[in-house]
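Report on the structure
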Amino acid sequence: MKRRDFLKVAGATSLAGCATTSAPSKARVVVIGGGFGGATAAKYIRLWDASIDVVLIERDAQFVSCPISNLVLGGYTGMQDISRDYSGLARHGVQVVRDEAVAIDAAKKSVRLASGGAIAYERLIVSPGIDFTFGDVQGYEAAMQSGRVLHAWKAGPQTVALRRQLEAMPDGGVYILSVPLAPYRCPPGPYERASMIAAYFKQAKPKSKVLVLDANPDVTSKAGLFKRAWSDLYPGILEYRGNARAVGVDEKTMSVKLEVEDVKGDVLNVVPPHRAGDIAQKAGLITSNNRWCDVDWRTMESKAVKGVHVLGDATLSAPAMPKSGSMANNHAKIAAAAIVDLLNGREPAPLQIINTCYSFVSEKEAIRVSSVHRWDAGKGTLLAAPGGGVSAARSESEGNYAWNWARTIWADSLA
Amino acid sequence: MLRIALAALACIALQAYAQDRPRQLASACGICHGTDGRGDGKVLPPLAGMPRDQIASQMRAFRDGQRPATVMHQIAKGYTDEQIDALAAFFAAQKR
């Protein structure tokens, strides 16, 4: 009931401008999506200017982290360890509304909600993550509906379901992971997942196999480090095939259809190609390839719709920039800085940001890739600054840093 | 009248702007070191409240290859002397 009351107030406010019922505020920023991008933006706007009202619209009760979720698949951590609630944002004065944004009216500066209300904004942040283009893989929707084929590329119920399938698979079975063409969410993610499941098989069902069918010609991230780990740790268990794009899937024969052959497996984990999340498509924010949203990297403002800032995996990535949690968190800081500047009558200035992505290759050992991204006025985008690189070798020390990164970024984004 | 008020506001805003930049630059470090350098301290020493000279000299040592590291030798190369000094001053001024 409280939420409905709030929305009524918000609806009334949309006609009146930026006045609110309580203390006078500078303006209202609405954030759609409570992932790494949206949550961080909501928190940092409040941190940097507490006179701005921030409303976060999120459909789920909890944040569930994609990073570290591959360890759940390996059996090395649990769902509760990768989940956080939104109470930390409320402590920063963010109004968290559990609802779904179904439409954006950029002319009226208003967001319509699934529950029927509407909410007005001065600036809108859309951090919708990804959705899948299921039609690219023939038979996918039927296969998914049967419950036998999963993507588990959004952490949550599918993560739990995939772990159950792996546990139920008899020893000697084949787990197939189908990887879509880049760009996709989390470039090293598939290879970490293959490693985690190979580690589980090695321990619990050593006659089983992990078969990676990659649409890309080769491992797209940290290739040398992953391949070294696979040949050292999982010989005879993990097999990798490049240029193996899934064009179809059949849950009745339990096979993945490649361009030239069908491959049978016992657990089919097919990750379809992605595009920006549905609300970005509905709002006309997609500018590139029918998939991604181009932005001004000084402000994260959409190049298609004024007053709307797009963050995270949904963006048309700048050169050498991965779709990662670290990047979404940093996109949010660019947007927060720019929006605070704009609402205070200042010209936004570019912000230098950092990416760091850890991947586990065994229960305790991890590898890493890092880069610094700096505004280039000549090229009009963010470019990789000097430096950056990958781990010298896989190590438990990197594993400790990986867990530090996870705990810290969850707190930096949500607490 | 309104114009004078706006001009005054712009003046205050410009000062705030100059002060805000190091905090915004430092926010990128938050993914591993915590918001405003206040991480949980379990794996990495908190940057918040660390002496300014120590932060600046270590960043330069990472950057110039004098201090070995798993990651900071790569990240520090992306920062200028001016940026390193701004970050050091900002983190040193934060309460733990």
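This text follows the structure it describes.
Residues numbered from 1 in each chain as written. Chains lettered and ligands numbered in written order. Predicted model: local features only at pLDDT ≥ 70, side-chain atom pairs only at ≥ 80, totals over all residues. Heavy atoms only, no water.

Glancing now at the overall build of chain B. For chain B, the count of helices and strands is five helices and zero strands. Along chain B, helices and strands appear, N-terminal first, in the series α-α-α-α-α. In chain B, the proportion of contacts linking residues at least 24 apart, taken out of those at least 6 apart, comes to 60%. Just so you have it, chain B exposes about 5,400 Å², and 61% of that area is on carbon and sulfur atoms. (Helix = DSSP H or I, 4+ residues; strand = E, 2+ residues; numbered from the N terminus. Contact = heavy atoms within 4.5 Å. Areas by Shrake-Rupley, 256 points an atom, 1.4 Å probe, with all protein chains shown as cover.)

This part takes up the overall build of chain A. Helix and strand content of chain A: 11 helices and 26 strands. Relative to a compact globule of 415 residues, whose C-alpha radius of gyration would be 22 Å, chain A shows 22 Å and is just as compact. Relative to its 415 residues, chain A shows a buried fraction of 59%. Sequence-distant contacts, at least 24 apart, represent 66% of the contacts inside chain A between residues at least 6 apart. Accessible surface for chain A amounts to roughly 15,600 Å². Of this, 51% is attributable to carbon and sulfur atoms. Considering chain A, the positive charge centre built from 49 side chains and the negative charge centre built from 40 side chains are found 2 Å apart. (Rg over C-alpha atoms; globule rule 2.2 N^0.38 Å. Buried < 20%, exposed > 50% of the residue type's maximum accessible area, 1.4 Å probe, protein only. Lys, Arg positive; Asp, Glu negative; His and termini not counted. Charge placed at Lys NZ, Arg CZ, Asp CG, Glu CD.)

Attention now goes to the packing of aromatic side chains. Residue and element names in this part refer to chain A. Following the criterion strictly, the structure yields 12 aromatic pairs over all chains and no others. Relative to F134, the ring of F132 has its centre 5.6 Å away and its plane inclined at 35 degrees; by these criteria the two rings are tilted. There is no split in this pair, since F132 and F134 are both buried. By way of ring pairs, the aromatic residues Y191, F226, W230 and Y240 are connected into one cluster. Lying over the aromatic face of Y200, R163 brings its terminal NZ or CZ to 4.2 Å of the ring centre. Positioned above the aromatic ring of W292 is the side chain of K323, whose terminal nitrogen or guanidinium carbon lies 3.9 Å from the ring centre. (Phe/Tyr/Trp six-rings, centres within 6.5 Å; stacked < 30°, edge-to-face > 60°. Lys NZ or Arg CZ within 6 Å of the ring centre and 35° of its normal.)

Another aspect to go through is the sheet that holds strand β16 (residues 255-257) of chain A. Residue and element names in this part refer to chain A. The strand order across the open sheet formed by three strands is β15-β16-β17, and the pairing between neighbours is antiparallel. For this open sheet the edge positions go to β15 (248-250) and β17 (262-264), each flanked by a neighbour on one side alone. Mean inter-strand twist for the sheet, computed between neighbouring axes without regard to direction, equals 20 degrees. Here three bridges tie β15 to β16, and the two strands are oriented antiparallel to one another. Directly across from D250, in β16, lies its bridge partner S255. (Pairing = 2+ DSSP bridges. Axes fitted to C-alpha atoms, helices over the stretch in contact; angles between N-to-C directions.)

Residue and element names in this part refer to chain B. The end-to-end C-alpha distance of helix α3 (residues 52-63), which contains 12 residues, comes to 17 Å, matching closely the 16 Å that a straight helix rising 1.5 Å per residue would cover. For α3, the set of buried residues is I55, A56, M59, A61, F62 and R63. Residues of α3 that are buried make contact with α4 (72-75) and α5 (81-92). Directly beyond the C-terminal end of α3, a positive phi value near 80 degrees is found at G65. (Expected span 1.5 Å × (residues − 1).)

Glancing now at the side chain of S413(A). Residues and elements named next belong to chain A. Note on placement: S413 falls in helix α11 (residues 396-414). The exposure class assigned to S413 is buried, which follows from its relative accessible area of 0%. Only 3.0 Å separates the side chain of S413 from the side chain of T40, close enough to count as a polar contact. Residues contacting S413, with those up to four places away along its chain left out, are F36, A39, T40, K43, L89 and N329. (Polar contact = N/O pair within 3.5 Å; in protein donor to acceptor, adjacent residues only side chain to side chain.)

Now for the interface of chain A and chain B. Contacts between the two partners involve 41 residues from chain A, matched on the other side by 29 residues from chain B. Here chain A and chain B share an interface that buries about 2,900 Å² over both sides, 55% of which is from carbon and sulfur atoms. At the junction of chain A with chain B, the criterion picks out two salt bridges. Between D341(A) and R21(B) there is a salt bridge whose closest N-O contact spans 2.7 Å. The tally of links between chain A and chain B comes to 16 residue pairs in polar contact (both at pLDDT 80 or more). For the side of chain A that touches chain B, the element with the most residues is α11(A), which contributes 10 residues. (Buried area = accessible area lost by both parts, 1.4 Å probe. Salt bridge = Lys/Arg side-chain N within 4 Å of Asp/Glu carboxyl O.)

Residues and elements named next belong to chain A. An order of β6-β7-β8 is seen for the three strands of this open sheet, with the pairing classed as antiparallel. Unpaired on one side and paired on the other, β6 (101-105) and β8 (118-120) mark the two borders of the sheet. Ignoring which end each strand starts from, the neighbouring axes of this sheet average 20 degrees apart. Inspection of the sheet shows β6 paired to strand β7 (residues 110-113) by four bridges, in the antiparallel sense.

Purely geometric stuff here, so don't read any function into it on its own.
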